[in-house]
Amino acid sequence: MENNPYGMAAMWAQGDWVIKSVALLLLIMSIASWYVIISRSIRLYRLRKNVGAVDQFWHTHSFAEGLQVLGKDTGNPFHHMAIEGQAAVNHHSTNKDDLHGQISLADWLSEALRGAMDEAAEKLQSGLSILASVGSTAPFVGLFGTVWGIYHALVAIGVSGQASIDKVAGPVGEALIMTAFGLAVAIPAVLGYNALTRANKGLLSKLNRFARQLHAYFLTGSPMQKDSAVRTMPLKKEA
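All of these numbers come straight from a predicted model, not from anything done at the bench.

**Side note on helix α5 (residues 105-125)**
Here is step 1: The terminal C-alpha atoms of α5, which comprises 21 residues, lie 30 Å apart, in line with the 30 Å expected from a rise of 1.5 Å per residue.
Here is step 2: Among all positions in α5, only L109, A112, L113, A116, M117, A120, A121 and L124 are buried.
Here is step 3: One or two positions beyond α5, positive phi appears at G127, with a value near 95 degrees.

Written as structure tokens, this is what we have:
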């Protein structure tokens, strides 16, 4: 089979170092954006399993049992938030002589849960800046490659003195491919950014609700057993 003089291989062979650099840059941007999309989608899929355990958490009979229901998967924000809330209450009750002992338990607990919420939000949003950058810059990178390719095509046509359609169509068409590459990289990045942002917003809403529930529980639940090595709290007040 004869090689296509207007194909991708011909464009790569005829392109200079600028065109090749632009093509490689777009390839790297595409790989990075797809990595973020796939890895964050898998993580969100796993976290959705933890969302179902939140309702079961409130139907258990002790805090320790509730933690087991939440699971201890790495990166589980619900489990981390419950642990942070428990640690804040423990620390406040056993260090009342410290300066932070002058802060009310409600305020101290609020700050601890808000900190856990901020950590979860930061982890969920990691990588989204890459998608935003790729989505906004890839079309212009491709357009730069197109402009550069057309410029060299016109220079070559001027030098040869031939402006027939067969002489113009090949170089100009190959240059325009760079614009298509830029769009092919940018569109998935933009769609992935919007989808992940929407999914993160829903998960953060559930985390915020869980934080409010934990705040109410730790303030109104039964006192902790101070003499226990592993402190647990019943989820319901004893009659």
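**A word on the pattern of salt bridges**
Here is step 1: What the rule picks out here adds up to 1 salt bridge.
Here is step 2: In this structure, the salt-bridge partner of E111 is R114, at a minimum N-O distance of 2.7 Å. Residue E111 and its partner R114 are located together in helix α5, separated by 3 residues, close to a single helical turn.
Here is step 3: E111 gets classed as exposed once you look at its relative accessible area, which sits at 53%.
Here is step 4: Residue R114 is classed as partly exposed on the basis of its relative accessible area, which comes to 45%.

**A closer look at a nonpolar patch on the surface**
Here is step 1: Residues L24, L27 and I31 make up a contiguous nonpolar surface patch of about 290 Å² in total accessible area.
Here is step 2: Relative to the helices and strands, L24 resides in helix α2 (residues 17-57).

**Overview of empty space enclosed by the protein**
Here is step 1: Under the counting rule described, the total for this entry stands at 1 cavity of 30 Å³ or more.
Here is step 2: When its volume is computed, the largest cavity comes out at roughly 50 Å³.
Here is step 3: In this structure, the largest cavity is lined by R40, R43, L44, L124, L128, L196 and N200.
Here is step 4: Counting only elements with at least two residues in the lining of the largest cavity, the list comes to α2 and α7 (165-220).

**Comments concerning the UniProt feature "transmembrane region" (unreviewed entry) in the protein**
Here is step 1: Look at the UniProt record and you will see "transmembrane region" (unreviewed entry) annotated at residues 17-38, 130-155 and 175-196.
Here is step 2: Structurally, residues 17-38 comprises 100% helix and 0% strand, and the distance from its first C-alpha atom to its last is 31 Å.
Here is step 3: Here residues 175-196 is 100% helix and 0% strand, with 33 Å between the C-alpha atoms at its ends.

**Some points on a negative patch on the surface**
Here is step 1: On the surface, E84, D118, E119 and E122 cluster together into a patch of negative charge.
Here is step 2: Along the polypeptide, D118 turns up in helix α5.
Here is step 3: For D118, a relative accessible area of 48% gives the class partly exposed.

**Details of the packing of aromatic side chains**
For any two aromatic rings, the description comes down to two numbers: the centre-to-centre distance and the angle of the planes.
Here is step 1: On inspection of all chains with the given rule, the structure shows 9 aromatic pairs.
Here is step 2: Consider the rings of F57 and F210, whose centres lie 5.5 Å apart with planes at 80 degrees: the pair is edge-to-face. Remark: F210 occurs in helix α7 and F57 occurs in helix α2; sequence separation between them is 153 residues.
Here is step 3: A connected cluster of aromatic rings, assembled from ring pairs, spans F57, W58, F63, F78, F210, Y217 and F218.

**Some remarks on the nonpolar core**
Across soluble globular proteins, nonpolar side chains show a tendency to be buried alongside one another.
Here is step 1: Core analysis: the largest hydrophobic core is formed by 48 residues, its most contacted members being L26, L70, F78, M81, F210 and L214.
Here is step 2: Going through the elements one at a time, α2, α3 (63-70), α4 (77-94), α5, α6 (128-160) and α7 are the ones with two or more residues in this core.
Here is step 3: Once residues lying within four places of it in the same chain are set aside, the contact partners of L214 are F57, W58, M81, A82 and L113.

**Description of α3**
Here is step 1: Within α3, burial applies to F63, G66, L67 and L70. One side of α3 holds all its buried residues, which, seen down the axis, span an arc of 100 degrees.
Here is step 2: Positive backbone phi, approximately 85 degrees, marks G71, located one or two places after α3.

**Section: the packing of α3 against α4**
Here is step 1: At their nearest, the axes of α3 and α4 sit 9 Å apart, and the two run at 155 degrees to each other. On the basis of the axis angle, α3 is roughly antiparallel to α4. Considering the relative orientation of α3 and α4, their crossing is left-handed. Where α3 abuts α4, its residues F63, L67 and L70 lie against F78, H79, A82, I83 and Q86.
Here is step 2: Broken down by class, the residue content of the contact of α3 with α4 amounts to 6 nonpolar, 2 polar and no charged.

Conventions and cut-offs
- Residues numbered from 1 in each chain as written.
- Predicted model: local features only at pLDDT ≥ 70, side-chain atom pairs only at ≥ 80, totals over all residues.
- Heavy atoms only, no water.
- Helix = DSSP H or I, 4+ residues; strand = E, 2+ residues; numbered from the N terminus.
- Expected span 1.5 Å × (residues − 1).
- Buried < 20%, exposed > 50% of the residue type's maximum accessible area, 1.4 Å probe, protein only.
- Salt bridge = Lys/Arg side-chain N within 4 Å of Asp/Glu carboxyl O.
- Patch = residues over 30% accessible without salt bridge, like charges linked within 9 Å, V, L, I, M, F, W, Y side chains within 5 Å.
- Areas by Shrake-Rupley, 256 points an atom, 1.4 Å probe, with all protein chains shown as cover.
- 1 Å grid on protein atoms, 1.4 Å probe; cavity = no way out; pocket = protein on both sides within 12 Å on 5 of 7 lines; lining within 4 Å.
- Points joined across faces, edges and corners; volume = space filled by probe spheres on them.
- UniProt positions renumbered as here; feature names shortened; annotations may be inferred.
- Lys, Arg positive; Asp, Glu negative; His and termini not counted.
- Charge placed at Lys NZ, Arg CZ, Asp CG, Glu CD.
- Phe/Tyr/Trp six-rings, centres within 6.5 Å; stacked < 30°, edge-to-face > 60°.
- Core = buried A, V, L, I, M, F, W, Y, C linked by side-chain atoms within 4.5 Å.
- Contact = heavy atoms within 4.5 Å.
- Arc of directions from axis to C-beta.
- Axes fitted to C-alpha atoms, helices over the stretch in contact; angles between N-to-C directions.
- Parallel < 35°, antiparallel > 145°, perpendicular 65-115°, else oblique.
- Left-handed = near helix turned anticlockwise from the far one by under 90°.
- Nonpolar A, V, L, I, M, F, W, Y, C, P; charged D, E, K, R; others polar.

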